[in-house]
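Report on the structure
Here's the letter readout for the chains.
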Amino acid sequence: MPEHLMESHPSVQAVQLEPFQHQVGGHTVVLHYDETTLCKPLVKREQLFYVTQPEELKEFTAEYRGVIDVQLQEDNNGYITLIGYPHLIDSDDNLLKPDSGSSSPLSSGSDSEATTTQYPIAHKNTPIKHKTGSSTGIRFLRSGSLEVSTQTDKVFSTADSSKKGSLNPWSLRCHKMLLKKWRNQGQSSDTSKFILLENVAAHFKRPCILDLKMGTRQHGDDASESKKRLQMEKCKQSTSSTLGVRVCGMQVYQVDSETYTSRDKYHGRSLSEEGFSETIRQYLHDGRNIRLDIIKTILEKLKKLHHLVEKQDSFRFYSSSLLIMYDGIDGGMDSAETLSQENMVNSDEVLHNESLDNDDNDKGRVVVRMIDFAHTTHRGFYGDKTTHDGPDRGYLLGLENLIKVFRQLQGEYTAS
């Protein structure tokens, strides 16, 4: 992990954390650590997966960068700051032990992790690195509500365009939930552990993000009966059961209005199969044109991921998501003339016989990443007693249907 992040040294400064502007899904908060790094509450299973994952999957996961302690600080005027401190433990090895009790109390891990411990603050004299031109100010009002002020050139609008703000609405929602929970639990004198991960969105000026919940099953092997029923019902009532994938969140930059449009997980759960396809179409529309220039790259990356997941015997990526990103101002194509000259594949061809080469210059304009591994398992992982055979067929079904939708859109627009 980066030495400057994790060494416990007097010269290392604590960091002021802020909401991650582009969080479009998930139920745990994601915070901005620096320009290339994000952090989220530590779940032991997820941390262990990042450290021990197969080498071939690293192309499709965010880089793991270690652990920090996070503390809430509130001044006399009610203004709140979240501070990240370099980790004091010399090695993260003890955090990887199943019985170490080191998951963040703010995480959403399994029921067995609900009684994890907190660590007393040990960083009071650590200098804090305040971010220049800090863009977000948060204050608790006497009513108990939160007042949020931001300074940014980004504008986000909801599906009905009735509300606009300078943070993705889902990011703001998660941040408020974190602060209220933390403050209500009286955690200002304690710290919680967060993991540091690569900020994939930093590659883009105006990141367009599609967050997809993958697979036909969302509950982990250790879920309670009530949790199983709840998750099974969510899958049954959404495209998870039929397609193996559902929309969990989305934001798309509109070049005509210079704003982001966003959709959340509740929109995603309500979609039919036709609605799912239409949402993918919306994800590729920049307000003027369909971004045909990136579909080929998206397809190639999804096919390669399918090939890799198919090789992961006994792996189950329960409740994990898939992120697809591209730059909203990277230059779309006005027509389908260029792509119509290419050899298009039939939408129902078998995946395995196609080339998986990824040497096209266009590849850097699209990012595909697997995220959220709190319920991932495989043979020999974390002392899990339940084991599975073969690859994750539910996840593969989701990839296959996702590929099918992108192919259909590609064929539709190049044939017109």
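On to the overall build of the chain, then. The helix and strand tally for the chain stands at nine helices and 19 strands. In the chain, 80% of the contacts between residues at least 6 apart in sequence involve partners at least 24 apart.

The contact between helix 8 (residues 295–310) and helix 9 (residues 393–415) brings their axes to 10 Å, and the two run at 160 degrees. Here helix 8 is positioned roughly antiparallel relative to helix 9, judged by the angle of their axes. Relative to helix 9, the crossing made by helix 8 is left-handed. Here helix 8 contributes Ile 295, Lys 296, Ile 298, Leu 299, Leu 302, Lys 303, Leu 305, His 306, Val 309 and Glu 310 to the contact with helix 9, which in turn contributes Arg 393, Tyr 395, Leu 396, Leu 399, Glu 400, Leu 402, Ile 403, Phe 406, Arg 407 and Gln 410. Here the contact of helix 8 with helix 9 is composed, by residue class, of twelve nonpolar, two polar and six charged.

Okay, the environment of Tyr 85 next. Within the secondary structure, Tyr 85 sits in strand 5 (residues 79–86). Counting along the chain gives 69 residues from Tyr 85 to Gln 16, while the straight-line C-alpha distance between them is 9.0 Å. Among the polar contacts made by the side chain of Tyr 85, one reaches the side chain of Gln 71 at a distance of 3.1 Å.

The next thing to look at is the packing of aromatic side chains. In this structure the tally under the stated criterion is eleven aromatic pairs. Here the aromatic rings of Phe 49 and Phe 317 are separated by 6.4 Å at their centres, their planes lie at 90 degrees, and the arrangement is edge-to-face. Separated by 268 residues along the polypeptide, Phe 49 in helix 2 (residues 44–52) and Phe 317 in strand 16 (residues 316–318) bring together distant segments of the chain. Both residues of the pair, Phe 49 and Phe 317, count as buried. Among the aromatic residues, those joined into a ring-pair cluster are Phe 49, Tyr 50, Tyr 64, Phe 315, Phe 317, Phe 373 and Tyr 395. Its end group placed over the ring of Tyr 318, Arg 217 keeps NZ or CZ at 4.0 Å from the ring centre.

Moving on to the pairing of strand 14 (residues 245–254). Of all ten residues in strand 14, ten are buried; the element is thus mostly enclosed. Pairing analysis gives six bridges linking strand 13 (residues 207–214) to strand 14, with the strands arranged antiparallel. Among the inter-strand pairings, Leu 210 is bridged to a residue of strand 14, identified as Met 250. The sheet contact formed by strand 14 and strand 15 (residues 259–263) spans five bridges and is antiparallel. Across the sheet, residue Gln 251 finds its bridge partner in strand 15, namely Ser 262. Counting the residues that bridge the hairpin from strand 14 to strand 15 gives four residues, and of these Glu 258 lies at a positive phi of roughly 55 degrees.

With that settled, the discussion passes to the environment of His 175. In this structure, His 175 sits in helix 3 (residues 169–184). As for His 175 and Glu 18, which are separated by 157 residues in sequence, their C-alpha atoms are 9.0 Å apart.

Here helix 7 (residues 273–283) crosses helix 9 at 60 degrees, and the two axes come no closer than 10 Å. The handedness of the crossing between helix 7 and helix 9 is right-handed. Of helix 9, the residues touching helix 7 (which contributes Phe 276, Ser 277, Ile 280 and Arg 281) are Leu 402, Val 405, Phe 406, Leu 409, Glu 412 and Tyr 413. Among the residues forming the contact of helix 7 with helix 9, the class breakdown is seven nonpolar, one polar and two charged.

The predicted model of the chain has a mean per-residue pLDDT of 81, with 69% of residues at 70 or higher. Scored below 50 in pLDDT, residues 1–9 makes 20 contacts in the model with residues more than four places away or belonging to other chains. Low pLDDT, under 50, characterises residues 110–124; the stretch is placed with 37 contacts to residues that sit more than four places away or in other chains.

For the rest of this paragraph, the subject is the state of the cysteines. Disulfide: a covalent bond connecting the sulfur atoms of a pair of cysteines. Under the criterion given, the structure shown has zero disulfides. We note that Cys 248 lacks a disulfide partner, and the nearest cysteine sulfur, in Cys 174, lies 9.6 Å from it.

On to the pattern of salt bridges, then. The tally for this structure, following the rule as stated, stands at 15 salt bridges. Taking the shortest distance from any N to any O, the salt bridge between Lys 304 and Glu 59 comes out at 2.9 Å. Residue Lys 304 is found in helix 8, and its partner Glu 59 is found in the loop between helix 2 and strand 4 (64–74); the two are separated by 245 residues along the sequence. The salt bridge involving Asp 293 is made with Arg 291; its shortest N-O contact spans 2.9 Å. Across this residue pair, the class does not change: Asp 293 and Arg 291 are buried. Here the salt bridges do not stand alone but share partners, grouping Lys 40, Glu 46 and Asp 372 into one network.

Under the criterion given, the structure shown has two cavities of 30 Å³ or more. Around the largest cavity, the lining is made up of 37 residues, and of these Gly 25, Val 30, Lys 40, Ile 371 and Asp 372 lie nearest the centre. Secondary structure elements with two or more residues in the lining of the largest cavity: strand 3 (37–41), helix 2, strand 12 (190–198), strand 13, strand 17 (321–327) and strand 18 (366–371). Per-element accounting of the lining of the largest cavity gives the leading share, four residues, to strand 3. Partitioning the lining of the largest cavity into residue classes produces 19 nonpolar, eleven polar and seven charged.

What follows covers unusual backbone geometry. Only a minority of non-glycine residues have a phi that is not negative, and only a minority of peptide bonds are not trans. Despite not being glycine, Ser 314 shows a phi value in the positive range, around 75 degrees. Along the polypeptide, Ser 314 turns up in the loop between helix 8 and strand 16. With relative accessibility at 3%, the residue Ser 314 sits in the buried group. Phi is positive for Ser 319, which is not a glycine, with a value near 65 degrees. Here Ser 319 is to be found in the loop between strand 16 and strand 17.

About the cut-offs
Residues numbered from 1 in each chain as written. Predicted model: local features only at pLDDT ≥ 70, side-chain atom pairs only at ≥ 80, totals over all residues. Heavy atoms only, no water. Helix = DSSP H or I, 4+ residues; strand = E, 2+ residues; numbered from the N terminus. Contact = heavy atoms within 4.5 Å. Axes fitted to C-alpha atoms, helices over the stretch in contact; angles between N-to-C directions. Parallel < 35°, antiparallel > 145°, perpendicular 65-115°, else oblique. Left-handed = near helix turned anticlockwise from the far one by under 90°. Nonpolar A, V, L, I, M, F, W, Y, C, P; charged D, E, K, R; others polar. Polar contact = N/O pair within 3.5 Å; in protein donor to acceptor, adjacent residues only side chain to side chain. Phe/Tyr/Trp six-rings, centres within 6.5 Å; stacked < 30°, edge-to-face > 60°. Buried < 20%, exposed > 50% of the residue type's maximum accessible area, 1.4 Å probe, protein only. Lys NZ or Arg CZ within 6 Å of the ring centre and 35° of its normal. Pairing = 2+ DSSP bridges. pLDDT = per-residue confidence, 0-100. Disulfide = S-S within 2.5 Å. Salt bridge = Lys/Arg side-chain N within 4 Å of Asp/Glu carboxyl O. 1 Å grid on protein atoms, 1.4 Å probe; cavity = no way out; pocket = protein on both sides within 12 Å on 5 of 7 lines; lining within 4 Å. Points joined across faces, edges and corners; volume = space filled by probe spheres on them.

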